[in-house]
Amino acid sequence: AQSVTQLGSHVSVSEGALVLLRCNYSSSVPPYLFWYVQYPNQGLQLLLKYTSAATLVKGINGFEAEFKKSETSFHLTKPSAHMSDAAEYFCAVSATNTDKLIFGTGTRLQVFP
Amino acid sequence: KAGVTQTPRYLIKTRGQQVTLSCSPISGHRSVSWYQQTPGQGLQFLFEYFSETQRNKGNFPGRFSGRQFSNSRSEMNVSTLELGDSALYLCASSLDRGEGGYTFGSGTRLTVV
């Protein structure tokens with residue numbers, strides 16, 4: 001069975017500061033891992049995905065995440081926050097033999113000027 | 001390349017009615033999944049279709065059903081609507097097994113009054 005835990009339902013940073021959103025997963029099989037972003041009244045936009053290739057995954061808008069099997073983590077980072085990064089972020093896990101995504105509870109990112 | 005199209009964007013229905021939501025996947029994508037998003041329960045998997053067959057189903061009552069057509073378009077139906085069915089319903093398409101990632105539509109906002 002797969003599960004995802006996102007630590008921190010709200011994260012606030014200043015513009016230009018480092019963004020770190022935490023995600024830990026549990027999976028009985030090698031996982032596919034995803035980060036999605038959701039803006040108000042919108043669907044989910046894929047930021048990046050890990051599918052057992054490189055452990056450091058680069059995504060869109062300057063985001064990246066590192067898969068650490070020993071820590072069962074897949075934290076999302078961005079060196080310098082922009083006001084436009086304010087949104088809700090979801091980490092998700094999928095088993096390799098199904099299309100079912102298991103989502104975390106989400107982290108709302110606020111960026112202050 | 002057109003994205004995932006969900007129609008309608010907004011719906012208001014009365015308790016006891018039924019509703020049908022539509023999802024057109026990205027061209028060439030054969031897998032369509034449906035998710036329900038609510039403030040209380042977050043993002044929950046409803047079901048997934050591949051080549052007109054339901055391949056996976058979440059833990060929802062039988063009032064929630066779906067189907068997929070030969071052109072990969074999918075519909076979901078909710079019968080005997082309850083107030084608690086008010087949610088954002090999201091559809092996601094992928095090639096298969098998440099290799100290419102899951103692309104979400106903008107969702108259908110259903111309000112049951």
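Notes on the structure in this doc start here. No experiment lies behind these values; they were computed from the predicted model shown. For every chain, the first residue of the written sequence is number 1, and numbering continues from 1 along that sequence. Working convention: letters from A go to chains and numbers from 1 go to ligands, in the order in which they are written. Local features are withheld for residues below a pLDDT of 70 in this predicted model, meaning they are given only at 70 or higher, and side-chain atom pairs are given and counted only at 80 or more; totals for whole chains, interfaces and linings count all residues. Calculated side-chain values reflect all of the structure's heavy atoms, with hydrogen atoms and water omitted.

Our focus in this paragraph is the overall build of chain A. Only runs of H or I of at least four residues qualify as helices and only runs of E of at least two qualify as strands under DSSP, and these elements are numbered from the N terminus. Summing up its helical and strand segments, chain A has 0 helices and 12 strands in all. We compute the radius of gyration over the C-alpha atoms and compare it with the globule rule, which gives 2.2 Å times the number of residues raised to the power 0.38. Computed over C-alpha atoms, the radius of gyration of chain A comes to 13 Å, within 12% of the 13 Å expected from 2.2 N^0.38 for 113 residues, which places it in the range of a compact globule. The dimensions of chain A, computed from C-alpha atoms along their principal axes, are 45 × 30 × 20 Å. Only protein chains enter the accessibility calculation, which uses a 1.4 Å probe; a residue is then buried when its area is under 20% of its type maximum, exposed when over 50%, and partly exposed in between. Out of the 113 residues in chain A, the part that is buried amounts to 44%. Think of it this way: Lys and Arg go in the positive column, Asp and Glu in the negative one, and His and the chain ends go nowhere. Every charge is mapped to an atom, namely NZ of Lys, CZ of Arg, CG of Asp or CD of Glu. Once the 8 positive and 7 negative side-chain charges of chain A are each reduced to a mean point, those two points are 5 Å apart.

This part is about the overall build of chain B. Along the backbone of chain B there are 0 helices and 11 strands. If you list the helices and strands of chain B from N to C, you get β-β-β-β-β-β-β-β-β-β-β. Taking the principal axes of its C-alpha atoms as reference, chain B extends roughly 40 × 25 × 25 Å. Burial statistics for chain B: of 113 residues in total, 50% are counted as buried. Taking contacts inside chain B between residues at least 6 apart in sequence as the whole, the part at least 24 apart equals 54%. Note that accessible areas follow from Shrake-Rupley with a 1.4 Å probe, and for residues the cover is restricted to the protein chains shown. As displayed, chain B offers around 5200 Å² of accessible surface, 47% of which is attributable to carbon and sulfur atoms. Considering chain B, the positive charge centre built from 12 side chains and the negative charge centre built from 7 side chains are found 5 Å apart. Should any heavy atoms of two residues lie within 4.5 Å, those residues are counted as being in contact.

Turning to the side chain of Thr107 of chain A, a few remarks are in order. As for its placement among the helices and strands, Thr107 of chain A is situated in strand β12 (residues 107-112). Side-chain atoms alone can form a polar contact between residues adjacent in sequence; in general such a contact is a pair of N or O atoms within 3.5 Å, and within protein one must be able to donate a hydrogen while the other accepts it. Reaching out from Thr107 of chain A, the side chain makes a polar contact with the backbone oxygen of Gly8 of chain A at a distance of 2.8 Å.

Turning our attention to the environment of Thr108 of chain B. Residue and element names in this part refer to chain B. Within the fold, Thr108 resides in strand β11 (residues 108-112). The spacing of Thr108 and Gln36 is 72 residues in sequence and 9.8 Å in space, taken between C-alpha atoms. Setting aside residues no more than four positions away along its own chain, Thr108 makes contact with Gln6, Thr7, Pro8, Arg9, Leu11, Leu21, Ala87, Leu88 and Tyr89.

By a widely used convention, the size of an interface equals the accessible area lost when the partners come together. Chain A puts 20 residues into the contact, and the matching count from chain B is 24 residues. Buried area between chain A and chain B, both sides added, is near 1800 Å², and the carbon and sulfur share of it is 48%. Just to be clear on terms, a salt bridge is a Lys or Arg side-chain nitrogen sitting within 4 Å of an Asp or Glu carboxyl oxygen. At the junction of chain A and chain B, the tally comes to 0 salt bridges. Our count for the chain A to chain B interface comes out at 5 residue pairs in polar contact (both at pLDDT 80 or more). Of all elements in the fold, only β5 (32-38), β6 (44-50), β10 (87-94) and β11 (101-103) of chain A reach the threshold of two or more residues within the side of chain A that touches chain B. For the side of chain A that touches chain B, the element with the most residues is β5 of chain A, which contributes 4 residues. Amino acids are sorted into nonpolar (Ala, Val, Leu, Ile, Met, Phe, Trp, Tyr, Cys and Pro), charged (Asp, Glu, Lys and Arg) and polar (every other residue, Gly among them). Partitioned by chemical class, the residues of the side of chain A that touches chain B number 8 nonpolar, 9 polar and 3 charged. Note on terms: buried area is the combined drop in 1.4 Å-probe accessible area of two parts once they are placed together, counting the loss on both.

Further remarks concern the environment of Ala92 of chain B. Residues and elements named next belong to chain B. Along the polypeptide, Ala92 turns up in strand β9 (residues 87-94). Linking Ala92 and Asn77, residues 15 residues apart in sequence, is a C-alpha distance of 16 Å. Those residues within four positions of Ala92 in sequence are excluded, and the remaining contacts are Ser31, Val32, Ser33, Tyr102, Thr103 and Phe104.

A separate point is the pattern of salt bridges. Overall, the coordinates contain 8 salt bridges over all chains when judged by the stated rule. Residues Asp85 of chain A and Lys78 of chain A are paired through a salt bridge, measuring 2.8 Å at the closest nitrogen-oxygen approach. What makes Asp85 of chain A buried here is its relative accessible area of 2%. Linking Arg63 of chain B and Asp85 of chain B is a salt bridge whose minimum nitrogen-to-oxygen distance equals 2.8 Å. In this pair, Arg63 of chain B sits in the loop between β6 (53-57) and β7 (64-68) while Asp85 of chain B sits in the loop between β8 (74-78) and β9, placing the two residues 22 residues apart along the sequence. Considered together, Arg63 of chain B and Asp85 of chain B belong to a single accessibility category, that of buried residues.

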